[in-house]
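For reference, the chains in residue letters:
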Amino acid sequence: TALADFARWYRSQHEGLVIGVTGSFGKTTTREMIHAVLSGSRHGVRSLKNFNNHIGLPLSLLELDQSHEFAVLEMGASAVGEIAALAKIAQPKIGVITGIGLAHVEGFGSPEGIVRGKGELLEALPNSGFAILPGDDPVTRAMAGRTSSPVIFVGESGESHVEARNVRVTNQTLTFEVDHFEYNVPVTGRHFLRASLTALAIAREIGLSPTEIAAGFQNFQSVSGRCQVQRIGPWTLIDDSYNANPSSMRAACETLRDWQGANKKLLIVGDMLELGEHAKQSHYELGRIAAAAHVDGLLAFGQFAERVIRGAHDGGMQNNRAVVCEDFEILLT
C-alpha cells in the first residue's frame, strides 16, 4: 500500500505522457512495440520485464523522471478491480486494449468478467486522452462505450480509423500499408499486426511522421519467450513458451502454418493454465487448430495433452503424427 501511494504521488509530479496497456494477450509485445516506435523520436521508458501488477507497476513507474516524454506501462490482472487499482496509480492518458480472450478466466469468473475487468482501464481515462481498441473484434468495439474519451479503432476492416492494407508476411518480416505508406516490421507472425497498428496510431496522434514511425519499427526486438526465432544447427526454433491462452496458441499455429522453406514443421505444446471450466474444450480446439495448420508432427505434454491429441485426430491429423508425451525427459530427447 505504501509503495502504491508513493508511486501515485510520484506520478502526479511528472507531466510525461503515460500509456496504459492491458488485455488478455499481447500486452508485453504491444508495450515493446509502442516503446520502439516512439523512442525513435521521443525519450521515454516502459515497464520493467513483466512488472505489471500491484508491485511491478509502481516499480516501473518510478523509472520515470523529468527528462522522459512518455512511459508505456503494462497492466496485468486476474480479477475484477485490479486494473482499476493500477489505473489510479498510473493515471494514464492513453489506454490500450490489446484483445479479449480466456486468459485468467478462473480469476475473473467468466468471459464477461474479463471484459468488465479489462474495461476498467477505459473508464479511468480523462476526456483529454484517448483509447486504442481493435476494430475487427465486436467484443472490443463494444467496449468503446466504457470511456468518455475519443476512441481510435485499429484493424483491417474499413470501419477502423487506422486500417492496414496489403498485409504480407515472410518468415521474419511483417509488411503492411496504412494510407498508402508501406511499413516493415522485423517480426515473425501475422499476429504482430495489431500491436504494430496500435503503436502507429499512438505515434500519429502525438505528431510523428510516417517516415519516423517506419524507422521506429526497426527498433523493435521480440521479447524472450514470445515468438523469438533461434537457429540450432540445421533447426529453426520458434520460442513462444512464455505463456499461453487459446488466442495466443491460435496465433502460434498460424505462424507455423505460414513459415516458408521448412522441410518439416513440428509443434510442441504444454498446458494452457487458468482456463477453469473452459480448459478441456480449449485444449481440444487447440488440437483441431494444429491439424488445420498442417503441421508435420504434434507433441503434447501436460494434464490436457490427451485432449489436444484427440482434437488433432478429429481434425484429420494421422495418429502417428500426433502423440502424447507423458515423460518430460523423453519429450526433450
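Located above this text is the structure these notes cover.
Bear in mind that the values here come from a model prediction, so they are computed numbers and not experimental data.

Participant: Can you walk me through the packing of aromatic side chains in this structure?
Facilitator: To describe a pair of aromatic rings, one takes the distance between the centres and the angle between the planes. Overall, the coordinates contain eight aromatic pairs when judged by the stated rule. Centroid distance Phe6 to Tyr10: 6.2 Å. Interplanar angle 35°. Geometry classified as tilted. Pair noted here: Phe6 and Tyr10 are both in helix α1 (residues 2-12), with a separation of four residues, about one helical turn. You can call Phe6 partly exposed: its relative accessible area is 41%. Following the ring pairs from residue to residue traces out a cluster consisting of Phe176, Phe181, Tyr183 and Phe217. Sitting above the plane of the Phe153 ring, Arg141 keeps its charged end 4.0 Å from the centroid.

Participant: Looking at this structure, I do not really get the side chain of Lys265. What am I missing?
Facilitator: Structurally, the position occupied by Lys265 is in the loop between α11 (246-258) and β13 (266-269). Buried charge Lys265 goes without a salt bridge, the closest partner of opposite sign being Asp296 at 6.7 Å. Here the side chain of Lys265 touches Arg257 through a polar contact of 2.9 Å, landing on its backbone oxygen. Apart from residues no more than four positions distant in its own chain, Lys265 is found in contact with Leu256, Arg257, Asp258, Trp259, Val295, Asp296 and Gly297.

Participant: Got a minute to help me understand the pattern of salt bridges in this structure?
Facilitator: Pairing of side chains with opposite charge becomes possible as their charged atoms draw close. Scanning the model with the defined rule gives ten salt bridges in all. Of the charged contacts, one joins Glu123 and Arg146 as a salt bridge, the two residues approaching to 2.8 Å between their closest N and O atoms. Highlighted residues: Glu123 in helix α7 (residues 120-123) and Arg146 in the loop between α8 (138-142) and β6 (151-155), separated in sequence by 23 residues. Note that Arg190 is salt-bridged to Glu156, the shortest N-O span being 2.8 Å. Note that Arg190 is positioned in the loop between β10 (181-185) and α9 (193-205) and Glu156 in the loop between β6 and β7 (162-163), a separation of 34 residues in sequence. What makes Arg190 partly exposed here is its relative accessible area of 36%. Under the relative-accessibility criterion, Glu156 is labelled partly exposed at 32%. A cluster of three or more residues bridged by salt bridges with shared partners is formed by Arg31, Glu32, Arg46 and Glu74.

Participant: Got a minute to help me understand empty space enclosed by the protein in this structure?
Facilitator: Left-over empty space is what a probe sized like a water molecule reveals as it rolls over the atoms. Taken as a whole, this structure holds one cavity of 30 Å³ or more when the rule is applied. Approximately 70 Å³ is the volume attributed to the largest cavity. Lining the largest cavity, in full, are Val169, Thr170, Asn171, Thr188, Gly189, Arg190, Thr255, Asp258, Trp259 and Gln260. For the lining of the largest cavity, the secondary-structure elements that each account for two or more residues are β8 (165-170) and α11.

Participant: Would you mind showing me how to read the side chain of His283 here?
Facilitator: Assignment of secondary structure puts His283 in helix α12 (residues 279-292). Classification of His283 by relative accessible area gives buried; the value is 0%. Beyond its immediate stretch of four places on either side in the chain, His283 contacts Asp271, Met272, Leu275, Phe304, Arg307 and Val308.

Participant: Just checking my understanding: could you explain the layout of surface pockets for this structure?
Facilitator: In this structure, the second largest pocket spans a volume of roughly 1100 Å³. Lining the second largest pocket are 31 residues; nearest its centre among them are Leu237, Ile238, Leu266, Leu267 and Ile268. When residues in the lining of the second largest pocket are grouped by element, the largest group, five residues, is from strand β12 (residues 235-239). Counted by class, the lining of the second largest pocket contains 19 nonpolar, seven polar and five charged residues.

Participant: Honestly, the sheet that holds strand β2 (residues 44-46) in this entry has me stumped. Any pointers?
Facilitator: In sheet architecture, strand pairing relies on hydrogen bonds along the backbone and comes in two forms, parallel and antiparallel. Spatial strand order, β2-β3-β1-β4-β5-β6-β7: seven strands in an open sheet with parallel pairing. Both outer strands of the open sheet, β2 and β7, are each paired with one neighbouring strand and no more. In terms of strand pairing, strand β1 (residues 17-22) meets strand β4 (residues 94-97) through four bridges, oriented parallel. Following the sheet pairing, Thr22 is matched in β4 by Ile97.

Participant: Looking at this structure, I do not really get the pairing of β10. What am I missing?
Facilitator: One face of the sheet, then the other: side chains in a regular strand alternate in exactly this way. Where strand β9 (residues 173-178) lies against β10, five bridges are found, and the strand directions are antiparallel. Residue pairing across strands places Glu177 opposite Glu182, the latter belonging to β10. Between β9 and β10, which pair antiparallel in sequence order, lie two residues; one of them, Asp179, sits at a positive phi of approximately 50°.

Participant: What's the story with the pairing of strand β11 (residues 228-232) in this structure? I'm lost.
Facilitator: Pairing between β11 and β12: five bridges, direction antiparallel. Bridge pairing links Ile232 to Trp235 in β12. The antiparallel pairing of β11 with β12 creates a hairpin that spans two residues between the two strands, and Gly233 there sits at a positive phi of about 60°.

Participant: I'm lost on the sheet that holds β10 in this one. Help?
Facilitator: Across the sheet, which stays open at both edges, the three strands sit in the order β8-β9-β10 with antiparallel pairing between neighbours. One side of each edge strand has no neighbouring strand; the edge strands of this open sheet are β8 and β10. Looking at each pair of strands side by side, their axes are set apart by 15° on average, direction ignored. Along the sheet, α9 contacts β8, β9 and β10; its crossing angle with β9, the most-contacted strand, is approximately 45°.

So, how was this worked out
- Note that residues are indexed from 1 along each chain, following the sequence as it is written.
- In view of the model being predicted, local features appear only for residues whose pLDDT reaches at least 70, and side-chain atom pairs are presented and counted only at 80 or more, with totals across whole chains, interfaces and linings using the full set of residues.
- Each side-chain value is worked out from all heavy atoms of the structure, with water and hydrogens disregarded.
- To pair, rings of Phe, Tyr and Trp, with the six-membered ring standing in for Trp, must have centres within 6.5 Å; the planes then decide the type, stacked if under 30 degrees apart, edge-to-face if over 60, and tilted in the middle.
- Comment: elements are numbered from the N terminus, with helices defined as DSSP H or I runs of at least four residues and strands as E runs of at least two.
- Throughout this description, buried means an accessible area under 20% of the type-specific maximum (1.4 Å probe, protein chains only), exposed means over 50%, and partly exposed covers the range between.
- Here, a charge over a ring is recorded when the distance from Lys NZ or Arg CZ to the ring centre is within 6 Å and its angle to the ring normal is within 35 degrees.
- Neither His nor the chain termini are counted; the positive set is Lys and Arg, and the negative set is Asp and Glu.
- Throughout this description, the term salt bridge denotes a Lys or Arg side-chain nitrogen within 4 Å of a carboxyl oxygen of Asp or Glu.
- Counted as a polar contact is a pair of N or O atoms within 3.5 Å, where, for protein atoms, one must be capable of donating a hydrogen and the other of accepting one, and residues adjacent in sequence contribute only when both atoms are in side chains.
- Contact criterion: two residues are considered in contact whenever any of their non-hydrogen atoms come within 4.5 Å of each other.
- Residues are said to line a cavity or pocket when one of their atoms sits within 4 Å of a point; the points come from a 1 Å grid over protein atoms alone, cavities being sets where a 1.4 Å probe fits but cannot get out and pockets being open sets with protein on both sides within 12 Å along at least five of seven lines.
- Grid points are joined across faces, edges and corners, and a volume is the space filled by probe spheres set on the points.
- Under the scheme applied here, ten amino acids are nonpolar (Ala, Val, Leu, Ile, Met, Phe, Trp, Tyr, Cys and Pro), four are charged (Asp, Glu, Lys and Arg), and all others, including Gly, are polar.
- For two strands to be treated as a pair, DSSP must find at least two bridges joining them.
- Lines fitted to C-alpha atoms define the axes here, with helix axes fitted over just the stretch in contact, and angles between the N-to-C directions of these axes take values from 0 to 180 degrees.

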